[in-house]
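Reading the structure
The chain contents come next:
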Amino acid sequence: MSEGSSFFENYERGGFYDEMFEADGKVRPHYQRLYKRFQEMSGEEFERKRDLADSSFLTQGVTFTVYSDNKGTERIFPFDMIPRIIPQHEWEKVEAGLVQRITALNMFLHDIYHDQRILKEKVIPREVVESAAHFRPEFMGFDVPKDIYIHICGTDLIRDDDGNYLVLEDNGRCPSGVSYVMANRAVMKRVYPKLFARYGVQPVDQYAKELLDLLQFVAPGGNPDPTVAVLTPGIYNSAYFEHSYLARAMGIEIVVGQDLVVKHDEVFMKTTKGLRKVDVIYRRLDDDFLDPLVFRPDSVLGVPGLVEAYRKGNVNLANAIGTGVADDKVTYYYVPDMIRFYLQQEPILPNVPTYLSSKDSDRKYILEHIEELVVKSANESGGYGMLIGPNATKEECEKFRQAILKDPRNYVAQPVVKLSRSPAFCDGVIEGRHIDLRPYILYGEKISIIPGGLTRVALRKGSLVVNSSQGGGSKDTWVVGGETPTGTGV
């Protein structure tokens, strides 16, 4: 590629909403400056920028783990050099919708572990909650500090044919990926310094401070100077880079279960100077592994006695135990009803239309149309436990039919949404690739959302699966305000 104009000359918009190009092929206003810069750029210059980005990621150690790959598990996180740009007016609507959603989800969690009004008034069937894999009835009546259950949430958004934002799912247990947002941004500021500055991109580097402020705010007993630690499963976890990155950015310790000990229902961290009391734990492992005395007895990742210390109010956990019921894809179906019930508002961000296989009429429809639908297991993540009907074999469809009949509660189905596409550099050319967006919401003294979030991109041609474990990568997400700036720059 010798001339920059050739970057997009064979670009095919396809039958999808394109983030950069309108239906008639015109460049959207907020992308015009980026397009102009690529017209000015030679292929050699672009390659130099890609090499600079790769070396920056390598230096930062930005990696993830693929457990199923026999070629070696540790990978540099795939990154696309063409940013996704969101104008301010679009972002404001997204932000309002996310604030509304996290507020309702926290009210729901407090309710189901206390008065259960939403169940008594039959807004949500009782069996939906009580049969949820991550519902913890043993925590009924337990008061969490500040009544906050989901402190950190990653809500996945997609755009349909008309460019409308839809909620695909909520991740309220241990949402991952925010470290890549910050790492991507650091690289892009280095690679496109003038272009970045002149676009007036809203910053994301305040996330670590806001996360630390949140964790300190929810310390038990209102301790003004609490000790906070990140609890990780360890270096072999797929998101260990993120755990260490966030601990370093917040200036706090990262620990594994063996670094902590419970004495007299208080949690202590082992240090070279002796034991140090811990007030708040940002835990990056699921409920089941937290405490072998309460949950899985075979867990070597957790801390014996941690749950009792939590019950006694001597330590707080972010996110709270039992939040997984809000992650359940069957619970997801009812979030719009939660918003109406608790907030007396209409949802700003709608769900993707969803069928519940536990409902007789829905199950009949799913079984008859499985080749046209996306079928998901209620509690799987990362692109696993999922069938994309149009891309599946007859054998795969039949396997899911049988699984649905055996355990209807565990499956939901959705129409195949034509995810929006964004230009991505793949195999030497720029082509449209499907994307989603995971903004990160912090719920503490106030609700804060860093502008943008993680844009995940399906780097395999035609793929709708954006997860890194399934061949996906990411883009930097630029939220830009006002009119698109003018001028030139790198």
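Each chain carries its own residue numbering, running from 1 in the written order of its sequence. Note on the predicted model: pLDDT of at least 70 is required for a residue's local features to be given, and 80 or more for side-chain atom pairs to be given and counted; whole-chain, interface and lining totals, by contrast, use all residues. Where side-chain values are given, they derive from all heavy atoms of the structure, hydrogens and water being excluded.

This part is about the pairing of strand β4 (residues 152-159). Every regular strand shows the same layout, with side chains that alternate between the two sheet faces. The buried label goes to any residue with under 20% of its type's maximum accessible area, the exposed label to any with over 50%, and the partly exposed label to all in between, with areas taken from a 1.4 Å probe on protein chains only. Helix numbers and strand numbers start at the N terminus; a helix is a DSSP run of H or I with at least 4 residues, a strand a run of E with at least 2. In terms of burial, β4 is a largely internal element, eight of the eight residues being buried. What you see with β4 is no split at all: Ile152, Gly154, Asp156 and Ile158 on one side and Cys153, Thr155, Leu157 and Arg159 on the other are buried throughout. Strands were regarded as paired on the criterion that DSSP finds at least two bridges between them. Sheet topology note: the β4/strand β19 (residues 440-443) ladder contains three bridges and is antiparallel. From the neighbouring strand, isoleucine 152 faces β19, where its bridge partner is leucine 442. Summarising the sheet, β4 and strand β5 (residues 165-171) pair through six bridges and their orientation is antiparallel. Residue pairing across strands places isoleucine 158 opposite leucine 166, the latter belonging to β5.

Further remarks concern the pattern of salt bridges. Salt bridges are counted wherever a side-chain nitrogen of Lys or Arg sits within 4 Å of a carboxyl oxygen of Asp or Glu. Considering all chains together, one arrives at 36 salt bridges under this definition. A salt bridge links aspartate 287 to arginine 283; the shortest N-O distance between them is 2.8 Å. Comparing aspartate 287 with arginine 283 shows no difference in burial state: the two are buried. Linked through salt bridges whose partners overlap, the residues forming this network are Glu19, Arg84, Glu90 and Arg159.

Where burial is concerned, the two faces of strand β6 (residues 228-231) agree: the one with Val228 and Val230 and the one with Ala229 and Leu231 are both buried. Bridge count between β6 and strand β11 (residues 280-283): four bridges; the pairing is parallel. Its bridge partner lying in β11, valine 230 is registered against tyrosine 282. Examined bridge by bridge, β6 and strand β7 (residues 253-255) share three bridges and lie parallel to one another. Its bridge partner being in β7, alanine 229 is matched across the sheet by glutamate 253. By convention a crossover is right-handed if, when the strands point away from the viewer, the path from the first strand over the helix to the second runs clockwise. Of the crossover connections in this fold, the one passing from β6 over helix α9 (residues 240-250) to the parallel β7 is right-handed.

Residue-level pLDDT values for the protein average 91, and 93% of them are 70 or greater. Every residue in residues 1-5 is under pLDDT 50, and counting partners more than four places away or in other chains gives 18 contacts. Confidence scores here are pLDDT values: one per residue, from the predictor, ranging 0 to 100. We call two residues contacting when some pair of their heavy atoms lies within 4.5 Å.

So, about the sheet that holds strand β10 (residues 274-277). With antiparallel pairing, three strands are arranged side by side in an open sheet as β8-β9-β10. Either end of the sheet is taken by a strand with one partner, and the two such strands are β8 (260-263) and β10. Here the strands of the sheet are splayed against their neighbours by 40° on average, with no regard to which way each runs. Bridge analysis of β8 against strand β9 (residues 266-271) gives four bridges, and the strand direction is antiparallel. By the bridge assignment, valine 262 is partnered in β9 with valine 267. Where helices are involved, their axes are fitted lines through C-alpha atoms of the stretch in contact, as for all axes, and angles between N-to-C directions lie from 0 to 180°.

Before going further, it helps to spend a moment on the packing of helix α6 (residues 178-191) against α9. In contact at an axis separation of 9 Å, α6 and α9 are set at 70° when each is read in the N-to-C sense. Between α6 and α9, the crossing angle belongs to the class labelled roughly perpendicular. Taken together, the residues of α9 that come into contact with α6 (itself represented by Val178, Ser179, Tyr180, Met182 and Ala183) are Phe241, Glu242, Tyr245 and Leu246. For the contact of α6 with α9, the residue count by class is seven nonpolar, one polar and one charged. An angle below 35 degrees is treated as roughly parallel, one above 145 as roughly antiparallel, one from 65 to 115 as roughly perpendicular, and anything else as oblique. For this classification, Asp, Glu, Lys and Arg are treated as charged, while Ala, Val, Leu, Ile, Met, Phe, Trp, Tyr, Cys and Pro are nonpolar and the rest, including Gly, are polar.

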